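Spelled out from the first residue to the last, the chains are:
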Amino acid sequence: MLAAFPAEADAVLSHTTLDPGPVVVADRRHFYLGSIGRKKVVVAMTGIGMVNATDTTEVALARFSAIDAVVFSGVAGGGARASIADVAIPARWTRDHGKTFHPVDPGMLSAAAATSAKLGSTSGRWIDLRREPQLLVGGDGCSYDNHNGRAFPAIPFGGSVFGCQPRTAPDRSGRYAGNFFRAAWPWLRHGLVSNMSIALAGDPAFDATDNETAAVQAVADAHGVPFLGIRGISDGAGDPLRLPGFPFQFFVYKRIAADNAARVTAALLRSRA
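Residues numbered from 1 in each chain as written. Predicted model: local features only at pLDDT ≥ 70, side-chain atom pairs only at ≥ 80, totals over all residues. Heavy atoms only, no water.

Draft legend 1. Spatial organisation of the overall build of the protein chain. Scanning the protein chain for helices and strands turns up eight helices and 14 strands. Computed over its C-alpha atoms, the radius of gyration of the protein chain comes to 17 Å, within 12% of the 19 Å expected for a compact globule of 273 residues. With respect to the principal axes defined by its C-alpha atoms, the protein chain has extents near 45 × 40 × 40 Å. Out of the 273 residues in the protein chain, the part that is buried amounts to 53%. If you take every contact in the protein chain between residues at least 6 apart in sequence, the share linking residues at least 24 apart comes to 78%. Summing over all exposed atoms, the protein chain offers an accessible surface of approximately 12100 Å²; the carbon and sulfur share of this is 55%. (Helix = DSSP H or I, 4+ residues; strand = E, 2+ residues; numbered from the N terminus. Rg over C-alpha atoms; globule rule 2.2 N^0.38 Å. Buried < 20%, exposed > 50% of the residue type's maximum accessible area, 1.4 Å probe, protein only. Contact = heavy atoms within 4.5 Å. Areas by Shrake-Rupley, 256 points an atom, 1.4 Å probe, with all protein chains shown as cover.)

Draft legend 2. Fine view of helix H3 (residues 106–113). Burial in H3 covers these residues: Met108, Leu109, Ala111 and Ala112. Projected down its long axis, H3 shows its buried positions confined to an angular sector of 160°, all on one face. Residues of H3 that are exposed and angled more than 90 degrees away from the buried face: Pro106 and Ala113. (Arc of directions from axis to C-beta.)

Draft legend 3. Representation of the pairing of strand E5 (residues 70–78) within the structure. The element E5 is extensively covered by neighbouring structure, given that nine of its nine residues are classed as buried. The pairing of E5 with strand E14 (residues 227–235) spans eight bridges and is classified as parallel. Within E14, the residue paired with Val75 across the bridge is Gly232. In the sheet, E5 pairs with strand E13 (residues 208–210) via two bridges, with the strands oriented antiparallel. Of the residues in E13, the one forming a bridge with Gly77 is Thr209. (Pairing = 2+ DSSP bridges.)

Draft legend 4. Examining the packing of helix H2 (residues 50–63) against helix H7 (residues 213–222) more closely. Two elements in contact, H2 and H7, have axes separated by 8 Å at closest approach and are oriented at 30°. The angle between H2 and H7 falls in the class roughly parallel. Of the two possible hands of crossing, H2 and H7 adopt the one that is right-handed. The segment H2 lies against H7, with Met50, Ala53, Thr54, Thr57, Glu58 and Leu61 engaging Ala215, Val216, Val219 and Ala220. Across the contact of H2 with H7, the residue classes tally to seven nonpolar, two polar and one charged. (Axes fitted to C-alpha atoms, helices over the stretch in contact; angles between N-to-C directions. Parallel < 35°, antiparallel > 145°, perpendicular 65-115°, else oblique. Left-handed = near helix turned anticlockwise from the far one by under 90°. Nonpolar A, V, L, I, M, F, W, Y, C, P; charged D, E, K, R; others polar.)

Draft legend 5. H2, seen in detail. For H2, which comprises 14 residues, the first-to-last C-alpha distance of 20 Å matches the rise-based estimate of 20 Å (1.5 Å per residue) to within 8%. When H2 is considered as a whole, its buried residues turn out to be Met50, Asn52, Ala53, Thr56, Thr57, Val59, Ala60 and Leu61. (Expected span 1.5 Å × (residues − 1).)

Draft legend 6. Quick look at the pattern of salt bridges. Throughout the structure, instances matching the rule amount to 11 salt bridges. For Asp68, the salt bridge goes to Lys39, with nearest N and O atoms at 3.6 Å. With Asp68 in the loop between H2 and E5 and Lys39 in strand E4 (residues 39–45), the pair connects residues that are 29 residues apart, well separated along the chain. For Lys39, a relative accessible area of 26% translates into the label partly exposed. Across the salt bridge formed by Arg131 and Asp86, the nearest N and O atoms sit 3.3 Å from each other. You can see Arg131 sitting in the loop between strand E10 (127–128) and strand E11 (135–137) and its partner Asp86 sitting in the loop between E5 and strand E6 (87–89), a full 45 residues away along the chain. A relative accessible area of 26% places Arg131 in the partly exposed class. (Salt bridge = Lys/Arg side-chain N within 4 Å of Asp/Glu carboxyl O.)

Draft legend 7. Examining the side chain of Thr56 more closely. Checked against the element boundaries, Thr56 lands in helix H2. When its relative accessible area of 1% is taken as the criterion, Thr56 is described as buried. Side chain to side chain, Thr56 and Arg29 meet in a polar contact 3.1 Å long. Within polar-contact distance, the side chain of Thr56 engages the backbone oxygen of Thr46 at 3.2 Å. (Polar contact = N/O pair within 3.5 Å; in protein donor to acceptor, adjacent residues only side chain to side chain.)

Draft legend 8. Main features of the environment of Gly37. By the element assignment, Gly37 lies in the loop between strand E3 (29–36) and E4. Overall, Gly37 belongs to the partly exposed group, its relative accessible area being 46%. Through-space distance from the C-alpha of Gly37 to that of Thr16 is 8.0 Å; in sequence the pair is 21 residues apart.

Rendered as structure tokens:
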């Protein structure tokens, strides 16, 4: 069970019953052992971006030989059919903006289509979408690298998006700096200029656009491990506040999007236990 940043990982951990002594550290990455329903899981926060997602997935599959599937649960920009707080589970993903596509595991996709989960439509005291979010299975997803091939650095005390650990991590520590010291300078030198050009709206060609899913899928495919990406929509159509796209919508709706993705993820795992 993978997620990119703290709010996403916390949403998954909220459905996870942790094992006694649940923390495993491999290559300075922290993995949390537990179960969702009767299904044993390993939960990890990859960090933001394609490079972090690739590296963490490689470490996970090397360290835990019994992994029989990889699921990414997180948020995404919405386009095509998807609106804010919907959950998109694309049937295939692209890393080159649609030149090539790679299908997800058909058995997991079929199970997702049969999954039922109650999705949230309110967040805090001020946000009410005034509609029931939908689970959208099928269609296309796109992941892109806007960090110029560099690992995006987690930031100590960086909060629910840029922080180094989930807030509910059993070993949470203010002294843990994640990849900050090894990644910050290379990213500032080589990734910052590329990072300045971020799409302000979802691409109508894709139900979900993000920075990690297709990278994780590529590693899972290379290892012959079934894969599925589950993405709650944090920015796009259906905004009752009429905010001007990303990043404004993202920071307002990231929690409801992450929570809805985790609800579907947990429901899927419970149905397969």
